[in-house]
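# Residue-level structure breakdown
These are the residues of each chain, in order.
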Amino acid sequence: MAREAGRDRRPDEVSAPRRGERAAYPALREVADQAFSRAAGAPLVGGNAVRLLRDAEENYPAWLAAIGEAREHVHLESYFIQSDATGESFAAALAAAAGRGVRVRVVYDWMGALGRTRSGFWARLRDAGVEVRCYNPPRVTAPFGWVSRDHRKMVAVDGRIAFVTGLCVGRDWVGDPSRGIAPWRDTGVELRGPAVAEVEHAFAAVWDGLGDPVPDGEVPSIAALPAAGDVSVRIVASLPATAGMLRVDQLVAALARERVWLTDAYYAGTTAYVQALRAAAQSGVDVRLLVPGASDIPLLKPLSRAGYRTLLEAGVRVFEWNGTMLHAKTAVADRRWSRVGSTNLNVASWFGNCELDAMIEDEPFAAQMEAAYLQDLSNATEVVLDVRHRPRPASDLRRAHPPRMRAARGSAGRATAGAVRLGNALGAAFTDRRTLEPVEGRIAGSVGALLLAQAALFALFPRLLAYPVALLLGWIGLALLRKAWLLRRERLRLRAAHHGRGAAGEIRAEGGSE
């Protein structure tokens, strides 16, 4: 269905607040603060200075400058660091800091670095005195351990300054003008003040889980850091299976009274989150979603578009970025709440990964976020419904041809996002709960052909396919038995220790009565 004339708006058009809403804000904010603290498991920390950083042009120099000024420690956690010219510049800065006697600790994700970082890169860092740990490499005892990834991107220096961001370290964010490859679009923030302690504690929690803990005294407390401004910040450090950021994202959609503007690189909202966005839009909230028009994983584009219709029918405005790759994960709501970090709006980020986001509650900062969002929309194409209920680019906005992109490896998170979109399309086909869009019909047809081909292989070569299945089931069974045995041994050890303490107490009691 074509968008009604009354609903046609420019991308830069901003809805005005409704009468009486401003007067109700103080009470709403008090309730929201309590709800956010409980949902995220993170306190609201005041007294901070926050600076918005766009793209690598602003982020990388700030990170390198902070590392260059480090005197006590540098903590860097990144999904990957590419062993290219950009990665080498950071390696040189980290090695130089270690050479000055600074304690430098780096955490990277095994899957994130796979195919991007040569093993010699990490060896050179370790030889220079940098402590490097890898998150969740493959283990025989954990067949599905690959599902959990460390997707965070942060830098913290001396308890003085921290960066929470969506950027990894690599040439994708710098681009290659000689080959016509533009830099990726991404967003980060610089923090100074007590909230830096929360970023440091988030790093220490992951570091401690991979080996010896960070020594006592190196991680500052909130009370130990002086105020650097008047901005309130909440650091949401998500861990696998906690879903803290999902609860926060749903709360923002539920509490918003004027607008919710979202940017996401690999959107694949769950049914509950999609319904939260739909309900907000249907109640008059200006809900917008900006996603990539060209992805580093081209196969995900049709899967992503398959989820547009449900949003568009409820009044959510969807835009596709016209640049090389939009990698930012941000949100801004009601001219006050902003979010910048690593969490994508999909199941992998919400449930499976370690993620880190900064929620900023400050009107001037939100104004900066809104201005940046409108600037991004000036380089985006709005998607609307045509008369056949099919998403298509709006006829009144020309779409620039997307720049050529470098092929890239997919991650577990991106694969999961694609799987969710695929599952939504197939679920609709099997249950007939809604009309399938043409793009979803192509997905259903492709999967149907693949299943028929697999059925033929099972019929013609049953043993060929049975052996891998048997091997996988055996691997899972052995891993579970080993885990059960280790847990039972630990239980027996604790029981024996408890009995030992009880016996010692009886001996001391008897001795005291003599």
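Residues numbered from 1 in each chain as written. Predicted model: local features only at pLDDT ≥ 70, side-chain atom pairs only at ≥ 80, totals over all residues. Heavy atoms only, no water.

### Points about the environment of Leu210
On the secondary structure map, Leu210 appears in the loop between helix 6 (195-208) and strand 9 (231-238). For Leu210, a relative accessible area of 29% translates into the label partly exposed. In this view, Leu210 contacts Val107, Arg133, Cys134 and Tyr135; residues no more than four positions away in its chain are not counted. (Helix = DSSP H or I, 4+ residues; strand = E, 2+ residues; numbered from the N terminus. Buried < 20%, exposed > 50% of the residue type's maximum accessible area, 1.4 Å probe, protein only. Contact = heavy atoms within 4.5 Å.)

### Considerations on the packing of helix 2 (residues 55-68) against helix 3 (residues 85-99)
Between helix 2 and helix 3, the least distance of the axes is 9 Å, while the angle of their chain directions is 20 degrees. By the angle class used here, helix 2 and helix 3 are roughly parallel. Both helix 2 and helix 3 take part in a crossing whose hand is left-handed. When helix 2 is examined against helix 3, the residues Tyr60, Trp63, Leu64 and Ile67 are found in contact with a partner set consisting of Thr86, Ser89, Phe90, Ala93, Leu94 and Ala97. Residues of the contact of helix 2 with helix 3, tallied by class, amount to 8 nonpolar, 2 polar and no charged. (Axes fitted to C-alpha atoms, helices over the stretch in contact; angles between N-to-C directions. Parallel < 35°, antiparallel > 145°, perpendicular 65-115°, else oblique. Left-handed = near helix turned anticlockwise from the far one by under 90°. Nonpolar A, V, L, I, M, F, W, Y, C, P; charged D, E, K, R; others polar.)

### Examining the side chain of Glu190
By secondary structure assignment, the location of Glu190 is in strand 8 (residues 187-192). Engagement of the side chain of Glu190 in a polar contact is seen with the side chain of Arg51, the distance being 2.8 Å. At a separation of 3.3 Å, a polar atom in the side chain of Glu190 contacts the side chain of Arg192. Apart from the residues within four sequence positions on either side, Glu190 is in contact with Ala49, Val50, Arg51, Leu53, Ala62, Ile161, Ala162 and Phe163. (Polar contact = N/O pair within 3.5 Å; in protein donor to acceptor, adjacent residues only side chain to side chain.)

### Regarding helix 12 (residues 363-377)
Compared with an ideal rise of 1.5 Å per residue, which puts 15 residues at 21 Å, helix 12 spans 21 Å between its outermost C-alpha atoms and is within 8% of the ideal. Every buried residue of helix 12 is accounted for by Phe365, Ala366, Met369, Glu370, Ala372, Tyr373, Asp376 and Leu377. Looking straight down helix 12, one finds that the buried residues subtend no more than 165 degrees of arc, so they occupy a single side. (Expected span 1.5 Å × (residues − 1). Arc of directions from axis to C-beta.)

### Side note on helix 5 (residues 119-127)
For helix 5, the full list of buried residues reads Phe121, Trp122 and Leu125. Projected down its long axis, helix 5 carries its buried residues within an arc of 90 degrees, all on one side. The outward face of helix 5, more than 90 degrees from its buried face, is lined by the exposed residues Ser119 and Asp127. Contacts from the buried residues of helix 5 go to helix 3, strand 3 (103-109), helix 4 (110-113) and strand 4 (131-135).

### Description of the pattern of salt bridges
Any two side chains of opposite charge can pair if their charged atoms end up close together. In the structure shown here, the tally under the stated rule is 23 salt bridges. A salt bridge links Glu361 to Arg234; the nearest nitrogen and oxygen atoms lie 3.2 Å apart. Of this pair, Glu361 sits in strand 15 (residues 353-361) while Arg234 is found in strand 9, placing the two residues 127 residues apart along the sequence. Arg234 gets classed as buried once you look at its relative accessible area, which sits at 0%. (Salt bridge = Lys/Arg side-chain N within 4 Å of Asp/Glu carboxyl O.)

### Examining the confidence of the model for the protein chain
Here the protein chain averages 82 in pLDDT, while 76% of its residues score no lower than 70. Note on residues 426-436: pLDDT under 50 across the span, and 15 contacts to partners over four residues away in sequence or across chains. Across residues 506-514 the pLDDT falls below 50, and counting only partners more than four positions away or on other chains, this stretch makes 0 contacts in the model. (pLDDT = per-residue confidence, 0-100.)

### A short note on the packing of aromatic side chains
Using the criterion set out here, one finds 13 aromatic pairs in the structure. Considering the side-chain rings of Phe80 and Trp173, the 5.8 Å spacing of their centres and the 50 degrees angle between planes classify their relative orientation as tilted. With Phe80 in the loop between strand 2 (73-78) and helix 3 and Trp173 in the loop between strand 7 (161-165) and strand 8, this residue pair connects regions lying 93 residues apart in the sequence. We classify Phe80 as buried; its relative accessible area is 1%. Taking relative accessible area as the criterion, Trp173 reaches 1% and is therefore assigned buried. By way of ring pairs, the aromatic residues Tyr60, Trp63, Phe90 and Phe163 are connected into one cluster. (Phe/Tyr/Trp six-rings, centres within 6.5 Å; stacked < 30°, edge-to-face > 60°.)

### What about the pairing of strand 7?
Of all 5 residues in strand 7, 5 are buried, a share of seventy percent or more. Here strand 7 shows no split at all, with Ile161, Phe163 and Thr165 on one side and Ala162 and Val164 on the other all buried. Pairing of strand 6 (residues 153-157) with strand 7, which is carried by 4 bridges, proceeds in the antiparallel orientation. Considered in strand 7, the bridge of Val155 is made with Phe163. Where strand 7 meets strand 8, 4 bridges bridge the pair, whose relative direction is antiparallel. The residue of strand 8 that forms the bridge with Ala162 is Leu191. (Pairing = 2+ DSSP bridges.)

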